[in-house]
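Survey of secondary and tertiary structure
Residues per chain, in single letters:
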Amino acid sequence: DGGITQSPKYLFRKEGQNVTLSCEQNLNHDAMYWYRQDPGQGLRLIYYSQIVNDFQKGDIAEGYSVSREKKESFPLTVTSAQKNPTAFYLCASKTPSTGNTGELFFGEGSRLTVL
Amino acid sequence: KNEVEQSPQNLTAQEGEFITINCSYSVGISALHWLQQHPGGGIVSLFMLSSGKKKHGRLIATINIQEKHSSLHITASHPRDSAVYICAVAGNQFYFGTGTSLTVIP
């Protein structure tokens, strides 16, 4: 079955540590996204990538980094520079489309807790 | 400033009731999405629409482009419908509402 796989589902981190969240898709989608979800807020865009080897900052990119070396993979690193990293992180991809009319597919999410 | 506003924020219904969740937006869009987020956190897409109405089983989504408003209806609600329903609009980027938490009581 095609879909998006995120890992790990739960992650605990000590302050000062970098952590990397994995996102893999077998949908053959070019566009991939990382969102952060906090209680009482809508999803906020961290980074997105429209094509391999290219990515753009979203609204809240500070303290995060990404890479897109393969079409299937879009890992997110939460660095020690991120002041408030405890959150639920969602990876998504989008079917090919003109503009933003494509359908979104989401992973199951990764919950990061900083101890 | 929230580009997407949903109401109500929380909703409790008895099994079998007809449910309506509303979404208003303030930006120009090419499409509107209704998403469902289950307690585990994963999100699935229910509908994507740019005009009119779509139906899938007991779910119906409508959109009025002129009024910048969409509704999600659930007919004959069931406890398995309990989830958070999120409205998202596709403008120059995706904008997401804060979600409506629905609990359907048997």
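Note: the structure precedes this text.
All values reported here derive from a predicted model rather than from experimental measurement.

A few words now on the overall build of chain A. Per the secondary structure count, chain A includes zero helices and 11 strands. Across chain A, helices and strands are ordered from the amino to the carboxyl terminus as β-β-β-β-β-β-β-β-β-β-β. Relative to the globule expectation of 13 Å for 115 residues, the C-alpha radius of gyration of chain A, 13 Å, shows essentially globular dimensions. Once the C-alpha set of chain A is aligned to its principal axes, its extents read approximately 40 × 30 × 30 Å. Counting every position in chain A, which comprises 115 residues, the buried fraction comes to 48%. When contacts within chain A are restricted to residue pairs at least 6 apart in sequence, those whose partners lie at least 24 apart make up 52%. Summing over all exposed atoms, chain A offers an accessible surface of approximately 5,700 Å²; the carbon and sulfur share of this is 47%.

To continue, consider the environment of Ser7 of chain A. Secondary-structure assignment places Ser7 of chain A in strand S1 (residues 4–7). Not counting residues within four places of it along the chain, the set of residues in contact with Ser7 of chain A comprises Leu21, Ser22 and Ser110 of chain A.

Turning next to the nonpolar core. Core analysis: the largest hydrophobic core is formed by 23 residues, its most contacted members being Leu32 and Trp34 of chain B. Sorting the residues of this core by element identifies strand S3 (19–25), strand S4 (31–37), strand S5 (43–49), strand S7 (59–64), strand S8 (69–74), strand S9 (83–90) and strand S11 (100–105) of chain B as the ones contributing at least two each. Other than its neighbours up to four places away in sequence, Leu32 of chain B contacts Cys23, Tyr25, Phe47, Met48, Leu49, Ile63, Ser70, Cys87, Ala88 and Val89 of chain B. Counting 20 residues, the second largest nonpolar core, distinct from the first, contains Cys23, Met32, Tyr64 and Val66 of chain A.

The interface is formed by 20 residues belonging to chain A together with 20 residues belonging to chain B. Across the interface of chain A and chain B, roughly 1,500 Å² is buried in total on both sides, 59% from carbon and sulfur atoms. On inspection of chain A and its partner chain B, the count reaches three residue pairs in polar contact (both at pLDDT 80 or more). Elements that contribute at least two residues to the side of chain A that touches chain B include exactly strand S4 (31–37), strand S9 (87–94) and strand S10 (104–106) of chain A. Broken down by class, the residue content of the side of chain A that touches chain B amounts to seven nonpolar, eight polar and five charged.

Before going further, it helps to examine the side chain of Lys94 of chain A. Examined against the element boundaries, Lys94 of chain A turns out to sit in strand S9. Here Lys94 of chain A occupies a buried position and makes no salt bridge, while the nearest side chain of opposite charge, Asp30 of chain A, is found at 9.2 Å.

This part takes up the sheet that holds strand S7 (residues 64–66) of chain A. Sheet strands pair via backbone hydrogen bonds, and the direction of the pair is either parallel or antiparallel. Residues and elements named next belong to chain A. Sheet architecture is open: four strands sit in the order S1-S3-S8-S7, paired in antiparallel fashion. Of all the strands in the sheet, just S1 and S7 have a single pairing partner and so form its edges. Neighbour-to-neighbour, the strand axes of the sheet open up by a mean angle of 20°, direction not taken into account. Alignment of strand S3 (residues 19–25) against strand S8 (residues 76–78), held across three bridges, turns out to be antiparallel. Looking across to S8, one finds that Thr20 is bridged to Thr77.

About the thresholds
- Residues numbered from 1 in each chain as written.
- Chains lettered and ligands numbered in written order.
- Predicted model: local features only at pLDDT ≥ 70, side-chain atom pairs only at ≥ 80, totals over all residues.
- Heavy atoms only, no water.
- Helix = DSSP H or I, 4+ residues; strand = E, 2+ residues; numbered from the N terminus.
- Rg over C-alpha atoms; globule rule 2.2 N^0.38 Å.
- Buried < 20%, exposed > 50% of the residue type's maximum accessible area, 1.4 Å probe, protein only.
- Contact = heavy atoms within 4.5 Å.
- Areas by Shrake-Rupley, 256 points an atom, 1.4 Å probe, with all protein chains shown as cover.
- Core = buried A, V, L, I, M, F, W, Y, C linked by side-chain atoms within 4.5 Å.
- Buried area = accessible area lost by both parts, 1.4 Å probe.
- Polar contact = N/O pair within 3.5 Å; in protein donor to acceptor, adjacent residues only side chain to side chain.
- Nonpolar A, V, L, I, M, F, W, Y, C, P; charged D, E, K, R; others polar.
- Lys, Arg positive; Asp, Glu negative; His and termini not counted.
- Salt bridge = Lys/Arg side-chain N within 4 Å of Asp/Glu carboxyl O.
- Pairing = 2+ DSSP bridges.
- Axes fitted to C-alpha atoms, helices over the stretch in contact; angles between N-to-C directions.

Worth remembering: the numbers are spatial, not functional.
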